There are 2 protein chains.
Amino acid sequence: MSRLLKEQNFALQILSMVLMDLETKILTHLRESQLNSQQLLFLVEQAKLHPGKVTVVALGPLTNIALAIELDPEFCKNVRQIVLLGGAFSVNGNVNPASEANIFGDPEAADIVFTCGADILAVGINVTHQVVLTDADRNKLIQSNGKFAQYLCKILEVYFSYHQEAYSMRGVYLHDPTALLAAVNPSLLTYTEGAVRVQTTGITRGLTLLYNKQKRFGEVTEWTDKPTVKVAVTVDAPTVVKLLMERLMES
Amino acid sequence: MSRLLKEQNFALQILSMVLMDLETKILTHLRESQLNSQQLLFLVEQAKLHPGKVTVVALGPLTNIALAIELDPEFCKNVRQIVLLGGAFSVNGNVNPASEANIFGDPEAADIVFTCGADILAVGINVTHQVVLTDADRNKLIQSNGKFAQYLCKILEVYFSYHQEAYSMRGVYLHDPTALLAAVNPSLLTYTEGAVRVQTTGITRGLTLLYNKQKRFGEVTEWTDKPTVKVAVTVDAPTVVKLLMERLMES
């Protein structure tokens, strides 16, 4: 390739980078403006009214939590704990090899949340992939009279099909129930601690990276002096499944 | 912050991104032009002269191997195997929490090498951190008459001090010997397989990410259709240390 062509190519690459970044920022802005500010105010005000009492269980992208933090920097201190379903710590993601879906939904927001200084417990797919509702469990739900069990069984086939197709397994991961139960009964999980940052550009956009503090780096890094958060590493999966099944069957 | 200030801030962020990227590209170019083209030609020609016979053991940043690939696209087919010391697979890096030193030295080159289609065995710090030369080993070297043992002991103190400071350990990691012995006797290691890409931008620049193919993604990802490489996961550490000690003491 000639030097001129190479330079044109390079200029195009830079332009395309800038445009992609602009597009992301504009989309994020649009998404933000659509959020109901009343919901945000409720979140911020409840935490302020009951300092140290409100636990937030965040089961989707973290846009609203990041906005709450920007709306009231005291939110992080007022809230008791943020239990978030998100991240793929030292494992492949589920949107692509690098990124888990909730973090991928808004990586910038996730980085704000992870570094805000609140008491955070992250439940990633490295943990929720240990909690599987099997075909046998599903059959028990079908045979039960629980109204939520009945309802769930009606809509569960698409989720089973997806797991069969994507993971070649007969069973489904219990992502949200695991995060919720982590908030209700923290002793169901063990966790490690460290600073977490989220990559926001390039092919690993949405990747969550925990610095476990085992090495002292000679120079300042992007993880230096960032608050410590908790990252779940193991879970008592049989108990999580049992608790969920009981709740569904006795509904 | 006012809208105008925010927009100025945003424009500055974009400008700074572009400048950082330009700087990286210029530095890379300078580094490349300083490389001895005779060495590159030797590498490419030896592989061509002896197809399927030449194993390259790459113990530093992968700039020269990437240039060899660009110089001769057949290089990847001609070479028997590239055993490379590099990467931090599912563990923290040693330059910063995301990146290992050799890959960090030239992430663009590393991504070219990992995706070139050659038979590649990557020995990362997730494996070399399992291989430790202890204080007791060092004392044995001091007492031996081996000339390389004697020489090594004279220069080893700085490396021990570094490990004490950075990792709070009395002992040193045997990075390069492990990669070299992996080429000599592959049965000293076990490995997994998948596509590896290297992140080249942002806070995780230099991060190596292996896609283990456990999930079939619905959409095309940056790992889709990329060649499979081998990534070391376990090592017979006692044997690596023993082989190195013998070689040094009997020299």
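Bear in mind that the values here come from a model prediction, so they are computed numbers and not experimental data.

### Structural notes on the relation of the copies chain A and chain B
For the match of chain A to chain B, the screw axis carries a shift of 0.0 Å, the RMSD comes to 0.0 Å, and the turn is 180°. Such a combination of turn and shift is consistent with a two-fold rotation axis. Minimal C-alpha separation from the rotation axis in chain A is found for Ser90 of chain A, amounting to 2.2 Å.

### What about the interface of chain A and chain B?
Bring the parts together and some accessible area is lost; that lost area is often taken as the interface size. With 42 residues of chain A at the interface, the matching set in chain B holds 42 residues. Interface area, chain A with chain B, both sides summed: about 3,500 Å², of which 62% is carbon and sulfur. When the buried surface of chain A facing chain B is broken down by residue, Pro97, Ile203 and Lys215 of chain A rank first, second and third, together holding 19% of it. One can count zero salt bridges joining chain A with chain B. Where chain A meets chain B, there are 24 residue pairs in polar contact (both at pLDDT 80 or more). Secondary structure elements with two or more residues in the side of chain A that touches chain B: helix H1 (3-34), helix H10 (157-167), strand E6 (189-198) and strand E7 (208-211) of chain A.

### Structural notes on the sheet that holds strand E1 (residues 55-58) of chain A
Residue and element names in this part refer to chain A. Spatial strand order, E1-E2-E3-E8-E6-E7: six strands in an open sheet with mixed pairing. Only two strands of the sheet have a single neighbouring strand rather than two, namely E1 and E7. Ignoring strand direction, the axes of neighbouring strands in this sheet form an average angle of 35°. In the sheet, E6 pairs with strand E8 (residues 229-235) via six bridges, with the strands oriented antiparallel. Paired with Leu189 across the strands is Val235, a residue of E8. Against the sheet, helix H6 (residues 107-114) engages strand E2 (81-85), strand E3 (120-123), E6, E7 and E8, with an angle of about 115° to E6.

### Describing the sheet that holds strand E6 (residues 189-198) of chain B
All names here are of chain B. If you walk across this open sheet you meet the six strands as E1-E2-E3-E8-E6-E7, and the pairing is mixed. The sheet is open, and its two borders are formed by strand E1 (55-58) and strand E7 (208-211), each paired with just one other strand. Looking at each pair of strands side by side, their axes are set apart by 35° on average, direction ignored. In terms of strand pairing, E6 meets E7 through four bridges, oriented antiparallel. By the bridge assignment, Arg197 is partnered in E7 with Leu209.

### Regarding the nonpolar core
Residues and elements named next belong to chain A. Among the nonpolar cores identified, the biggest contains 31 residues, and Leu62, Ile65, Phe75, Ile82, Leu84 and Phe114 are the most heavily contacted of them. No other element matches the five residues that helix H3 (residues 63-71) contributes to this core. The contact partners of Ile82, leaving out residues within four places of it in the chain, are Val56, Ile65, Phe75, Ala118, Asp119, Ile120 and Leu121.

### Looking at the pattern of salt bridges
Residues and elements named next belong to chain A. As enumerated under the stated definition, the model contains 20 salt bridges over all chains in all. Measuring nitrogen to oxygen at the nearest pair gives 3.8 Å for the salt bridge that ties Glu74 to Lys77. Take Glu74: its relative accessible area is 39%, and that puts it in the partly exposed class. Owing to a relative accessible area of 65%, Lys77 belongs among the exposed residues under this scheme. Arg170 serves as the salt-bridge partner of Asp135, at 3.2 Å between the closest nitrogen and oxygen. In this pair, Asp135 is assigned in helix H8 (residues 135-143) and Arg170 in the loop between H10 and strand E5 (171-173), connecting sequence segments 35 residues apart. Residue Asp135 is classed as partly exposed on the basis of its relative accessible area, which comes to 26%.

Rules behind the numbers
Numbering of residues starts from 1 in each chain and follows the order in which that chain's sequence is written. All chains are assigned letters beginning with A, and all ligands numbers beginning with 1, in the order in which they are written. Selection of residues for local features in this predicted model requires a pLDDT of at least 70, selection of side-chain atom pairs for listing and counting requires 80 or more, and totals for whole chains, interfaces and linings are taken over all residues. Side-chain metrics in this entry use all non-hydrogen atoms of the structure; hydrogen atoms and water are not considered. We superpose the copies by least squares over the C-alpha atoms of residues that have a pLDDT of at least 70 in both of them. Residue contacts are defined here by distance: any two heavy atoms, one from each residue, within 4.5 Å place the two residues in contact. Throughout, the accessible surface (probe 1.4 Å) given up by two parts as they are put together, summed over both, is called the buried area. Salt bridges are defined as contacts in which a side-chain nitrogen from Lys or Arg sits within 4 Å of a carboxyl oxygen from Asp or Glu. Here a polar contact means two N or O atoms within 3.5 Å. Within protein one must be a hydrogen donor candidate and the other an acceptor candidate, and residues neighboring in sequence count only if both atoms are side-chain atoms. Helix and strand assignments come from DSSP, with helices taken as H or I runs of at least 4 residues and strands as E runs of at least 2, each series counted from the N terminus. Paired strands are those between which DSSP finds at least two bridges. Simply put, an axis is a line fit to the C-alpha atoms, just over the touching stretch for a helix, and the angle between two N-to-C directions goes from 0 to 180 degrees. Here, nonpolar core means buried Ala, Val, Leu, Ile, Met, Phe, Trp, Tyr and Cys residues that are tied together by side-chain atoms lying within 4.5 Å of each other. The cut-offs for exposure are 20% and 50% of the maximum accessible area for each residue type, with area from a 1.4 Å probe on protein chains only; residues under the lower value are buried, those over the upper are exposed, and the others partly exposed.

On their own, these measurements won't tell you what the molecule is for.
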